[in-house]
Amino acid sequence: MTASDESTDLRPRTLSLPPTGHGYGGGEGGPSDVRPLRQEKYELFGPACADALALFWYRWVTGHQISFLLWRLLGDALERCSHRAPTRLEREAMAACVDGYSTMLLYSATVPRDLYHAHIRERMALQHPAFSGAWAPDYRPLRPLFRSRLPWQGDPSCAALREAIGLNHMTHARIADRLVPDGQSLLQKHSGRAGISREKEDLFDDFFMTVRRPVSRSALTDQLNTRIAGITADLDGNGLYPLVDGEHHAVVPDPPDPSEEALHRLAANVLLSTHRAARLCADAENSLQEAHL
Ligand code: HEM
């Protein structure tokens, strides 16, 4: 497939992940190669978009799937550190995964608000009236980290990780406010249906075209490679904020307010940031494997 075919191929693909809490299947293979980035930069303000619904549906599903992949890698690193503090490489890889997830929040949320309400939110509400990010299976093991409850998180060596988590909370709040200014998530509107169950996790996976089955570590990297290539082609052709109904629906204005410079940096570095997370996770794992040789 050529680069121009890829940029017009806005069809999300099925993602295969190991069930949460289960190891990898399919042999002992390590992380395998994280493919080099084809390009780092893209226009923030892109041209008019031919099929906005297809583009933003692709971004919503693919942005979530890349988040799931990064969450899984982050969860693997946390599991390895359940009885010890992380090494320097692991701390860097964890902070990079959190930043990669933050850029995916932003990328997914580039959808114009009207289109989000008419199509994406509507589809989520049809899947379940209280549909929520809180049902994401791979986020479950990360909750203590995002709530700063792990014993080693307060150490001065974890400053960059703490900063990445702070920026992630700010990004989530920002995109929630942009897409749903009344502040009410579907879950909050249906407070009678609180609680997480296997059925809700399955509905969540199903919505984001995610199946649970034994997957090798290298197959996980391959799926990340393919999706990074897909969003590279998208951003190359469409820019981060394409023109929809005569407007660029920017999540962060350019130039940004001084208080929003960190968010703006995320917007300008979607590709670098996701790629860096994949690469640092592979480096951290390879160095642990070498240490055990
Ligand atoms: C880009 C897409 C999004 C992703 C990946 C995402 C992810 C998540 C995750 C993982 C949680 C669980 C946090 C925890 O349990 O500590 C969560 C909760 C929440 N999110 Fe998001 N979120 C997204 C978009 C939104 C939007 C657009 C809103 C606007 C209302 C929103 C509002 C909330 C709220 C209020 C919660 C708390 C639980 C609930 O009421 O559902 N999020 N989100």
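Placed above this text is the structure.
1. A closer look at the pattern of salt bridges
- Per the stated rule, a full pass over the model turns up 13 salt bridges.
- Note that D9 is salt-bridged to R13, the shortest N-O span being 2.7 Å.
- Ionic pairing is found between R80 and E90, a salt bridge with its closest N-O pair at 3.4 Å. Placement of R80 in helix α2 (residues 52–80) and of E90 in helix α3 (residues 88–108) is noted, with a sequence separation of 10 residues between them.
- Residue R80 is classed as partly exposed on the basis of its relative accessible area of 30%.
- One continuous salt-bridge network, built from bridges that share partners, spans D9, R11 and R13.

2. Focus: the nonpolar core
- Counting residues in hydrophobic clusters, the biggest one holds 83 residues, and the most contacted among them are F146 and L240.
- Considering each element in turn, this core owes the most residues, 16 residues, to α2.
- Setting aside its immediate chain neighbours within four residues, L240 contacts Y42, E43, L44, R59, L106, Y107, T110, L235, A267 and V270.

3. Some remarks on the coordination of the iron atom of the ligand
- Among protein residues, the single donor to the iron atom of the ligand is H172 (NE2), with a metal-donor distance of 2.1 Å.
- Tracing the chain through its elements places H172 in helix α6 (residues 159–179).

4. Points about helix α4 (residues 113–127)
- Over its 15 residues, α4 runs 20 Å from end to end, which matches the ideal 21 Å to within 8%, given 1.5 Å per residue.
- Where α4 bends most, at R121, the angle is about 35 degrees.
- Among the residues of α4, L115, Y116, I120, R121 and M124 are the ones counted as buried.
- Contacts made by the buried residues of α4 are with α2, α6, α7 (186–189) and α8 (198–207).

Conventions adopted
- Going along each chain's sequence as written, the residues are numbered from 1 onward.
- Thresholds applied to this predicted model are a pLDDT of at least 70 for local features of residues and 80 or more for the giving and counting of side-chain atom pairs; totals over whole chains, interfaces and linings are not thresholded and use all residues.
- Side-chain measures here rest on the full set of heavy atoms in the structure, leaving out hydrogens and waters.
- When a carboxyl oxygen of Asp or Glu is within 4 Å of a side-chain nitrogen of Lys or Arg, the pair counts as a salt bridge.
- Note on conventions: DSSP H or I runs of at least 4 residues are helices, E runs of at least 2 residues are strands, and numbering of each starts at the N terminus.
- To sort residues, take the accessible area from a 1.4 Å probe on protein chains only and compare it with the maximum for the residue type: under 20% means buried, over 50% means exposed, and anything in between is partly exposed.
- Remark: nonpolar core denotes a set of buried residues (Ala, Val, Leu, Ile, Met, Phe, Trp, Tyr, Cys) joined through side-chain atoms within 4.5 Å.
- Two residues qualify as a contact provided that any one of their heavy atoms is within 4.5 Å of a heavy atom in the partner residue.
- The donor definition counts N, O and S atoms within 2.8 Å of each metal and applies 3.2 Å to Na, K and Ca; water is not among these atoms, so some sites may look incomplete.
- How far a helix is expected to stretch is found by multiplying one less than its residue total by 1.5 Å.
- A residue's bend is simply the angle between two axes: one fitted to the seven residues ending at it, one to the seven starting at it.

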